[in-house]
Amino acid sequence: MMLLHVHFIALMLLGFALADDIILKPVKEGKQEVALVFIQGSQIKPDQYVPLVSKLQNVSEFSLWVGIPEYTADLLVPIDLSGGIKRVLGEMQLKNTTRVFFAGHSLGGALLQGYTYEHDQEAPGQILLGSYLQRKYRNVTYPIPTLTVSGELDGLCRVTRIMEAVYHQVIHGKSPNTSFPVVVVEGMNHFQVASGEPPFLVMDRDLKPEISEDVAHSTVATLMAAFIATRMGNLSRFDVISAAMQKTKTFVQPLIKGYEMEGFYNFKPPCYGKPAGPNCTFGCPWSQMSQPIMGGLKNAKLVVTDAFHPVYQINPVHLPHIYNNCTGGDIPSCKLNVTTVTQAVYQEVDKLDTGFVPTSAQELRVKMKSRQAVMEATGMGNVDFNKTDGGSLCKVINQASYDWGMNNIGSSTLTRFKKYGEPMIMGEDKGPYNAGPLWIWNPLEYISKNVSGNLEIEVRSIMMRTPTDYFIKASAGFHYCKLLSPARVMEWAYVDGLRAHFSLNNKTMV
């Protein structure tokens, strides 16, 4: 064991010895001195960031030192982070009064925020590029002012996760916008913060940019310079960031609308039995739109209230209800009060908050009243269950979700998706799975297909349905669906649905 420790230490020392740190002296004389320590992304060499930070030195109003530590094999691990920072700080010839800013790209940004939080809370500011402040800091007072900049076409740090940062830090932020601004650079991808040859993972996952590298560098450098100047006291320079933030808020508004339609758990957690209030989301708006589609009425009105609950919970059990009846059938004067139950299900790995996987719900588990039950409640008499509920009604609702998402995404995103995207096609419902656990634990299916040379994703719902005369009275008159979230549709159009034809290597399969 001692020998292993010796070998480990030797490798670490060798890594320090071979580290090809980048130290850039200021290019402007006679200005106030400021320093920037820049943390590399995984497998991206420090010299690949020189074009960006050189632009930053030129547009900055300060005499700006830049230090970029290189980590062993260009693979950053948390235990190495502080050593590299200390090393480049020692290599730069800084005055005692020099203020030191920090920046990090990709994994470098993800790890940097923890370092500054633990070790340098007096830092005047940090800049996260292709990364963001993680959710774990959302309920604490994060002490370091932070600029977040990421690309619309970032295939690793997805724009939907940056939208979430805009929602919390800009639109609903408690701190001044000058402290935690968030900017999406339209047309920019993940790698355009750097230069040269992308590493394998970036090549495999990143999307194609729609702006040039020079435009990307100029845009990012200008934002970085404005943030540094603002944090150094020149508040007029924040106008540059403010204009970019306003453009960003407009850009992400369709995504926010789609995620609100889902009742996105990372905007506000579900109330799960608590009274409705400003700090939690009571139910799913899309489920409230889905029950009328399931009901199939033309004239009568359904007033639907949805509630978020774990659908597997049995003490108490949560079921859909129709609370009143009409007598005249499907007529305008008939108004039925209905409740539904929803659980949004997210990918487990999203709990790691990497921005690498979809952030929207992979399925909505929705308990609704059957079409038969709704029609009989209007006073239409005995209705044939096989005629009302025998088809693929969940498919119909999922098609409506897909249509809603496509109708509400940004116009440029829609144009891009129509040209390069992999469409979703709704398949027939599977089931009925009339044993509760079978419906709960069989997931909504996303099946990749090649149809005459064209790639598409078939979406198939898992369904459970019972007639109003079902032998278990407590389970009668139900129609449960695994529904496609409108937010997942939109995220597909913005990110994942582009990978097959619009990734850097143009070969990535979803």
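Residue indices follow the written sequence of each chain, beginning from 1 at its first position. Reporting in this predicted model follows two pLDDT cut-offs: at least 70 for local features of residues, and 80 or more for side-chain atom pairs to be given and counted; totals over whole chains, interfaces and linings ignore these cut-offs and use all residues. Each side-chain value is worked out from all heavy atoms of the structure, with water and hydrogens disregarded.

Novice: Kindly report on the overall build of the chain, identifying the contributing residues and their values.
Specialist: Think of it this way: any DSSP run of H or I at least four residues long counts as a helix, any run of E at least two long counts as a strand, and we number them from the N terminus. Regarding its fold elements, the chain presents 16 helices and 16 strands. In the chain, buried positions account for 55% of the 510 residues. Charged residues are defined here as Lys and Arg on the positive side and Asp and Glu on the negative side; His and the ends of the chain fall outside this count. Where a charge sits is defined by one atom per residue type, namely NZ (Lys), CZ (Arg), CG (Asp) or CD (Glu). When the 46 positive and 45 negative side-chain charges of the chain are each reduced to one mean point, those points stand 6 Å apart. Exposure categories follow from relative accessible area, calculated using a 1.4 Å probe and restricted to protein chains: below 20% of the type maximum is buried, above 50% is exposed, and the middle band is partly exposed.

Novice: Let's hear about the pairing of strand E2 (residues 33-39): which residues, and what values?
Specialist: Taken across its seven residues, E2 has seven buried, putting it largely inside the fold. Residues of E2 alternate between two faces, with Glu33, Ala35, Val37 and Ile39 on one and Val34, Leu36 and Phe38 on the opposite face, all of them buried. Any two strands between which DSSP finds at least two bridges are classified as paired. By the bridge criterion, five bridges tie E2 to strand E3 (residues 63-68) in an arrangement that is parallel. Within the sheet, the bridge partner assigned to glutamate 33 lies in E3 and is serine 63. Orient the strands so they point away from the viewer; a crossover is then right-handed if the path from the first strand over the helix to the second runs clockwise. Handedness of the crossover joining E2 and E3 through helix H2 (residues 50-59) is recorded here as right-handed. Here E2 pairs with strand E4 (residues 99-105) via six bridges, running parallel.

Novice: Pulling in residues and values, what's your account of helix H8 (residues 238-262)?
Specialist: Each residue after the first adds 1.5 Å to the expected span of a helix. For H8, built from 25 residues, the straight-helix expectation of 36 Å at 1.5 Å per residue is met to within 8% by its first-to-last C-alpha distance of 34 Å. Each residue is assigned a bend, namely the angle between axes fitted to the seven residues that terminate at it and the seven residues that start at it. Considering bend angle alone, the principal kink of H8 is centred on valine 252 and spans about 40°; proline proline 254 follows within four residues of it.

Novice: Tell me about the side chain of glutamate 262, and name the residues and values.
Specialist: Tracing the sequence through the fold places glutamate 262 in helix H8. For the buried glutamate 262, which has no salt bridge, the nearest side chain bearing the opposite charge is arginine 488, at an N-O separation of 6.5 Å. Here a polar contact means two N or O atoms within 3.5 Å. Within protein one must be a hydrogen donor candidate and the other an acceptor candidate, and residues neighboring in sequence count only if both atoms are side-chain atoms. In terms of polar contacts, glutamate 262 uses its side chain to reach the side chain of tyrosine 346, at 2.7 Å. Every residue pair with non-hydrogen atoms within 4.5 Å of one another is taken to be in contact. Ignoring sequence-local partners within four residues, the contact set of glutamate 262 consists of Cys284, Pro285, Phe308, Tyr346, Ser360, Ala361, Leu364, Ser485, Ala487 and Arg488. When a carboxyl oxygen of Asp or Glu lies within 4 Å of a side-chain nitrogen of Lys or Arg, that pair is called a salt bridge.

Novice: I'd love a proper account of the sheet that holds strand E12 (residues 424-426), names of residues and values included.
Specialist: If you trace the three strands from one edge of the open sheet to the other, you get E12-E14-E13, paired in mixed fashion. At either end of the open sheet lies a strand with only one pairing partner, and these are E12 and strand E13 (445-451). The mean inter-strand angle of the sheet, taken between neighbouring strand axes irrespective of direction, is 35°. Note that E12 and strand E14 (residues 454-460) share three bridges and pair parallel. To obtain an axis, a line is fitted to C-alpha atoms, over the contacting stretch when the element is a helix, and the angle between two such axes runs from 0 to 180 degrees between their N-to-C directions.

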